[in-house]
Amino acid sequence: MDKVSIRVNGVVRTFIIDEAEGCVKPSETLVHTLRDRLNLTGTKIGCDHGACGNCTVILNGNPVASCMILTADCDGAEVTTIEGLENQDTGELSILQQAFVDNSAFQCGFCTPGIIMSAKALLDKNPNPTKDDIREALSGNYCRCISHYQVEIAIGDAIGRMKDLRAKGEA
Ligand code: FES
Ligand code: FES
């Protein structure tokens, strides 16, 4: 039997890949492993076909649609989900998450974890993105409630807060 080990939000998880009951089937996608086996239900499933971005997580530093990634292909990978952004000891939200709350950057909230993960991946690589950079980074994330305007404001707010922290030497 094959095994895969994936570091999810800093914790290594090992799965056996097999058709047998209780094992991760070779056809199981990462989003189902995260949600159904690790109870990380912050990652949402919209289309389950790579079209909506609701299931976005960060895989080895890049935002990916986790419904399009086979868990069996993730051996040695580093995965961050929306649950991994908050302070793991205190539960305090990250600056980016808090900016979404403070700017009411969602309505139903279903698309929000995926949008935040796409934004997080962008800001990790480019702390000073332009508006076009942000729009490009979020181009695969669909929001049926049309919250995009507030989302851009929230990300701009988070960028400002992070800059302030860096100026104070706290980030
Ligand atoms: S659920 Fe994965 S892209 Fe829509
Ligand atoms: S806030 Fe409802 S889908 Fe985006």
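Definitions and limits used
- Residues numbered from 1 in each chain as written.
- Chains lettered and ligands numbered in written order.
- Predicted model: local features only at pLDDT ≥ 70, side-chain atom pairs only at ≥ 80, totals over all residues.
- Heavy atoms only, no water.
- Pairing = 2+ DSSP bridges.
- Helix = DSSP H or I, 4+ residues; strand = E, 2+ residues; numbered from the N terminus.
- Axes fitted to C-alpha atoms, helices over the stretch in contact; angles between N-to-C directions.
- Contact = heavy atoms within 4.5 Å.
- Parallel < 35°, antiparallel > 145°, perpendicular 65-115°, else oblique.
- Left-handed = near helix turned anticlockwise from the far one by under 90°.
- Nonpolar A, V, L, I, M, F, W, Y, C, P; charged D, E, K, R; others polar.
- Core = buried A, V, L, I, M, F, W, Y, C linked by side-chain atoms within 4.5 Å.
- Buried < 20%, exposed > 50% of the residue type's maximum accessible area, 1.4 Å probe, protein only.

**A short note on the sheet that holds strand 1 (residues 2-8)**
Working step 1: Spatial ordering of the open sheet is given by 2-1-5-3-4, a layout of five strands whose pairing is mixed. Where the open sheet ends on each side, the last strands, each with one partner, are strand 2 (11-17) and strand 4 (62-65). The sheet shows a mean angle of 35° between the axes of neighbouring strands, taken without regard to direction.
Working step 2: As judged from the seven bridges shared by strand 1 and strand 2, these two strands associate in the antiparallel manner. Bridged to Asp-2 within strand 2 is Ile-17.
Working step 3: Against the sheet, helix 3 (residues 112-125) engages strand 3 (56-59), strand 4 and strand 5 (78-80), with an angle of about 30° to strand 3.

**Re the packing of helix 2 (residues 95-102) against helix 3**
Working step 1: Remark: helix 2 packs on helix 3, axes separated minimally by 10 Å, with the N-to-C direction vectors making an angle of 130°. In terms of axis orientation, helix 2 runs oblique to helix 3. For the pair helix 2 and helix 3, the sense of crossing is right-handed. In this structure, helix 2 contributes Leu-96, Gln-97 and Phe-100 to the contact, and helix 3 contributes Thr-112, Ile-115, Ile-116, Ala-119, Lys-120 and Leu-123.
Working step 2: Along the lines of polarity and charge, the residues of the contact of helix 2 with helix 3 split into six nonpolar, two polar and one charged.

**Quick word on the nonpolar core**
Working step 1: Counting residues in hydrophobic clusters, the biggest one holds 23 residues, and the most contacted among them are Leu-96, Phe-100, Leu-138, Val-151 and Ile-155.
Working step 2: Looking at this core, the elements with two or more residues in it are helix 2, helix 3 and helix 5 (148-167).
Working step 3: Ranked by residue count, the leading element in this core is helix 3, at seven residues.
Working step 4: Among the nonpolar cores identified, the runner-up in size contains 17 residues, and Ile-6, Leu-34, Leu-59 and Cys-74 belong to it.

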